[in-house]
Amino acid sequence: QVQLVESGGGLVQPGGSLRLSCAASGSIVSINDMAWYRQAPGNQRELVAQITSGGSTTYADSVKGRATISRNNAKNTVLLQMNSLKPEDTAVYYCYAEIHPRAYYFQRYWGQGTQVTVSS
């Protein structure tokens, strides 16, 4: 089975930094886009950053200049480095990937989520 597993969430002070990791595992043929989303209680899930298989990136206006998304195609991993964190960044962060497993064409996969809390 294919799955995404996030790690790196936790508590950080305002102005601090955090690095989130996501690893895809299972019978994977290839991966197209990978992304990070986040959702705060009572809010809709929103896109934070996206990266294509070729390395092109897209960022939400709210995190531009503070976030960097990267990937290692050989290891099927995607990272999100966030700096200058604000309390508004507090949310559950979800890894997303478009994955081609052995038995199917591309499917959309989500990780279980990791909590990021920005507070003094």
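Here's what I pulled together on the structure shown here. (Residues numbered from 1 in each chain as written. Predicted model: local features only at pLDDT ≥ 70, side-chain atom pairs only at ≥ 80, totals over all residues. Heavy atoms only, no water.)

## Describing the sheet that holds strand 7 (residues 67–72)
Pairing between the strands of a sheet is mediated by backbone hydrogen bonds and can be parallel or antiparallel.
Here is step 1 of the chain: On the basis of which strands lie adjacent, the open sheet formed by four strands has the order 1-3-8-7 and antiparallel pairing. Bordering the open sheet on either side are strand 1 (3–7) and strand 7, each of which pairs with just one other strand. Shown here is a sheet whose adjacent strand axes are inclined to one another by a mean of 15°, direction ignored.
Here is step 2 of the chain: Pairing between strand 3 (residues 18–25) and strand 8 (residues 77–82): six bridges, direction antiparallel. By the bridge assignment, Ala-23 is partnered in strand 8 with Thr-77. (Pairing = 2+ DSSP bridges. Helix = DSSP H or I, 4+ residues; strand = E, 2+ residues; numbered from the N terminus. Axes fitted to C-alpha atoms, helices over the stretch in contact; angles between N-to-C directions.)

## Side note on the pattern of salt bridges
Close approach of charged atoms allows side chains with opposite charge to pair.
Here is step 1 of the chain: Applying the stated rule across the entire model yields four salt bridges.
Here is step 2 of the chain: For Arg-38, the salt bridge goes to Glu-46, with nearest N and O atoms at 2.8 Å.
Here is step 3 of the chain: Judged by relative accessible area, Arg-38 falls into the buried class, the value being 5%.
Here is step 4 of the chain: When its relative accessible area of 35% is taken as the criterion, Glu-46 is described as partly exposed. (Salt bridge = Lys/Arg side-chain N within 4 Å of Asp/Glu carboxyl O. Buried < 20%, exposed > 50% of the residue type's maximum accessible area, 1.4 Å probe, protein only.)

## Some points on the pairing of strand 5 (residues 46–51)
Here is step 1 of the chain: Where strand 4 (residues 28–39) lies against strand 5, five bridges are found, and the strand directions are antiparallel. Bridged to Tyr-37 within strand 5 is Leu-47.
Here is step 2 of the chain: Pairing between strand 5 and strand 6 (residues 57–59): three bridges, direction antiparallel. Along strand 6, the bridge assignment pairs Ala-49 with Tyr-59.
Here is step 3 of the chain: Between strand 5 and strand 6, which pair antiparallel and follow one another directly, the connecting turn spans five residues, one of which, Gly-55, has a positive phi of 100°.

## With respect to the nonpolar core
Here is step 1 of the chain: Counting 30 residues, the largest nonpolar core has Leu-4, Trp-36, Val-78, Leu-80, Tyr-93 and Ile-99 as its most contacted members.
Here is step 2 of the chain: Of all the secondary structure elements, the ones that give two or more residues to this core are strand 3, strand 4, strand 5, strand 7, strand 8, strand 9 (91–101) and strand 11 (114–118).
Here is step 3 of the chain: For this core, the element with the most residues is strand 9, which contributes five residues. (Core = buried A, V, L, I, M, F, W, Y, C linked by side-chain atoms within 4.5 Å.)

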